[in-house]
Structures are given as structure tokens and as C-alpha cells.
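# An overview of the molecular structure
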Amino acid sequence: MATRNITISADEYYHIYNRGVEKRIIFLDTQDKNYFIQALYAALSDFPMQPCRLSETDIFSHTIEQKLVSIGAYTLMPNHFHILVRVKDPKDLSLFMNRLQTSYAMYFNKKYERSGRLFEGTYKAKHIADDTYLQYLFAYIHLNPIKIIDKTWKEKGLKDITKAQAFLNKYQFSSYLDYVTVKRPETRILDKTAFPAYFKKKYNMKEYVTWWLEYRKSDYDPLRLISQK
């Protein structure tokens, strides 16, 4: 499984994303989301990934000494996903994504008695060469779930920021909670040391995300929050 129109290089950052074929919903219930998150961790190494078996195993009790890629952030949406990675060896990104998408597609097809492709072609990868944009992606990825409760919030603004914050604080299917709350098993997916230390304290991420929730085109720059901490 190779990416299109992009060369993957070692020690570089990439925004990885993909969606269901024909924009179909690929996460139909909580079990689906939990399976994908378990597969996300398992795909970092050589754990056996038989369909429908990951949920029977405490996958996060296993320690992965050498991860194929380093993950800094991720989120699941009804018909797509986002992952922010740092690549160590270019060939390992393809191996990781092949393991992840194949495992989930096999699980999904078996559960819902379907066949054929689940994802829309190969995965997409965007190279992140700019530090400012890398910072922004932590907000972009973690704010994606707001679309579940307000599809047009980016274009029209939020009517209730408190409601949006509360939703993010309860949304279990992204890495946001691993930055702003107590440690949970899913934290093992992340390798924060492979990314710049933008969010050394829990409030750094929470305040950064809040700035973007409140952001309008004006004379202030939410990215200043990071440099001021």
C-alpha cells in the first residue's frame, strides 16, 4: 500500500488520513471505534491481528519496544480518520498502514457480512515541513469531532463553546484526552517524545484548543499561546 504523489522521508512528520469508500460510514458503533483504536496500537508492532480477536485481548498491556512509526495525535470520525505521525523508516509507514487498514477492513467485513474494499483507495499522506503548521495540526485533528455536533461550526462559528468543550472532554475516540486528563491505556499509542514539546502541561493543550474554538479572523494569533508557555 503506497501513497500517491508524495515521497516519504525518514525523520519527517506526516498527516495521514483516509475515509470509507463512497464516503460510507466506517465506524457504526462503539465496538467498531474501540477495535480500530486497538488495531492502531497493534499495527505499530508485530502483534497477531486476526479479525474480531483484538477485542478479546488486553492489547495495551503489551509493551512495544520499537514502534514502526511515532504517533502524536489521532481522531476517529464516522466515515474517516486522521493520524499525525513521525516516520523513522519510510517503508515502515506503508507496513503500518497496511496492517491497520487490512485488519480493520477484515474485522468490519466479517462483522457486517460484506465484501470488497472498505477504504477509499490508498491512504493519503501530507508532508508537514512547517513548525507552525505542525502545531496547528494538533488542534485540527483534535477539533474534528466537533463536526459531529455542529457540522458548520468552522464556517459559522460556535453558538455554545462550553458545550463543544464538554463534548471533547467526553469523546473517547481521539488522543485529546491523553493530553488533558489522567493517563489511560490508550495513551500507549502515542510517542510524545518524537514531537516538539508544545504541550508540556495539561492546560497547554486545553487552552490551545479553546483558542481555536474561539478563533475569528482578527488581529490575534492563537499560535502565540504555545510560545508564551
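Look up: the structure comes first, before these words.
Residues numbered from 1 in each chain as written. Predicted model: local features only at pLDDT ≥ 70, side-chain atom pairs only at ≥ 80, totals over all residues. Heavy atoms only, no water.

## Quick notes on the overall build of the chain
Note the threshold: For the purposes of this entry, the term helix denotes a DSSP run of H or I that reaches at least four residues, the term strand denotes a run of E that reaches at least two, and both are numbered from the N terminus. Accessibility here uses a 1.4 Å probe with only protein chains present; expressed as a share of the type maximum, an area under 20% marks a residue as buried, one over 50% as exposed, and anything in between as partly exposed. Whether two residues are in contact is decided by their heavy atoms, any of which lying within 4.5 Å being enough. Method for areas: the Shrake-Rupley scheme with a 1.4 Å probe, in which residue coverage is limited to the protein chains shown.
When its secondary structure is counted, the chain shows 9 helices and 4 strands. When its helices and strands are written in sequence order, the chain yields β-α-β-β-α-β-α-α-α-α-α-α-α. Burial analysis of the chain (229 residues in total) assigns 50% to the buried set. Nonlocal contacts in the chain, meaning residues at least 24 apart in sequence, comprise 68% of its contacts between residues at least 6 apart. Taken as a whole, the chain presents about 11700 Å² of accessible surface, with 49% of it coming from carbon and sulfur.

## A word on the sheet that holds strand β2 (residues 69-77)
What counts is decided by this rule: Pairing between two strands requires that DSSP report at least two bridges joining them. Whenever a helix is involved, its axis is fitted only over the stretch in contact; in every case the axis is a line through C-alpha atoms, and angles between N-to-C directions fall within 0 to 180 degrees.
The 4 strands lie next to each other as β2-β3-β1-β4, forming an open sheet whose pairing is antiparallel. Both edges of this open sheet fall to β2 and β4 (124-128), since each of them pairs with a single strand only. Pairs of neighbouring strands in the sheet enclose a mean axial angle of 20°, with direction left out of account. The sheet contact formed by strand β1 (residues 12-19) and strand β3 (residues 80-87) spans 8 bridges and is antiparallel. Bridging from a neighbouring strand, Tyr 14 pairs with Val 85 of β3. Against the sheet, helix α1 (residues 30-42) contacts β2 and β3, and its axis sits at roughly 170° relative to β2.

## Let's talk about the packing of aromatic side chains
Formally: A pair of aromatic rings is counted whenever rings of Phe, Tyr or Trp (Trp by its six-membered ring) have centres within 6.5 Å, and the orientation is called stacked for planes under 30 degrees apart, edge-to-face for over 60 and tilted otherwise.
Within this structure, the stated rule accounts for 25 aromatic pairs. For the ring pair Tyr 104 and Phe 108, a centre distance of 6.0 Å and an interplane angle of 45° mean the geometry is tilted. In this pair, Tyr 104 and Phe 108 are both assigned in helix α2 (residues 90-111), 4 residues apart and thus about one turn of the helix distant. Residue Tyr 104 is classed as buried on the basis of its relative accessible area, which comes to 0%. Judged by its relative accessible area of 0%, Phe 108 falls in the buried class. Plain terms: the ring middles of Phe 138 and Phe 195 are 6.0 Å apart, the flat faces sit at 85° to each other, and that makes the pair edge-to-face. Placement of Phe 138 in helix α3 (residues 131-143) and of Phe 195 in the loop between α7 (177-180) and α8 (202-214) is noted, with a sequence separation of 57 residues between them. An identical accessibility class is assigned to Phe 138 and Phe 195; each is buried.

## A word on the nonpolar core
Inclusion rule: As used in this record, nonpolar core signifies buried Ala, Val, Leu, Ile, Met, Phe, Trp, Tyr and Cys residues forming a set joined through side-chain atoms within 4.5 Å.
Counting residues in each nonpolar core, the largest one holds 71 residues, and the members touching the most others are Ile 71, Ile 83, Leu 93 and Phe 96. Tallying contributions element by element places α2 first for this core, with 8 residues. Each residue touching Leu 93, except ones within four places of it in the same chain, is listed here: Ile 8, Ile 16, Val 69, Val 85, Val 87 and Tyr 123.

## Considering the pattern of salt bridges
Two side chains that carry opposite charge are able to pair once their charged atoms sit near each other. Note the cut-off: Salt-bridge detection follows one rule: a side-chain nitrogen of Lys or Arg within 4 Å of a carboxyl oxygen of Asp or Glu.
All told, the structure shown has 6 salt bridges when counted by the stated rule. Between Lys 111 and Asp 32 there is a salt bridge, with its nearest N and O atoms 2.9 Å apart. Pair noted here: Lys 111 is in helix α2 and Asp 32 is in helix α1, with a separation of 79 residues, a long-range link. Exposure remark for Asp 32: the relative accessible area of 0% places this residue in the buried category. Taken together, the shared-partner salt bridges connect Asp 29, Asp 32 and Lys 111 into one network.

## Re α2
Basically, it comes down to this: Expected span of a helix, by definition, is 1.5 Å for each gap between consecutive residues, and there is one gap fewer than residues.
Here α2 spans 33 Å end to end across 22 residues, near enough to the 32 Å set by a 1.5 Å rise per residue. Listing the buried residues of α2 in full gives Asp 92, Leu 93, Phe 96, Met 97, Leu 100, Gln 101, Ser 103, Tyr 104, Ala 105, Tyr 107, Phe 108 and Asn 109. Residues of α2 that are buried make contact with β1, α1, β2 and β3.

## Notes on the pairing of β3
Burial of β3 is extensive: 7 of the 8 residues sit out of reach of the surface. Bridge count for β2 against β3 is 8 bridges, and the pairing is antiparallel. When the bridges of β3 are listed, Leu 76 appears paired with Phe 81. Turn length for the β2-β3 hairpin, with the two strands adjacent in sequence and antiparallel, is 2 residues.

## Comments concerning the pairing of β1
Here β1 runs beside β4; their pairing, made up of 5 bridges, is antiparallel. Bridged to Tyr 17 within β4 is Lys 124.

Nothing here speaks to function; it is geometry throughout.
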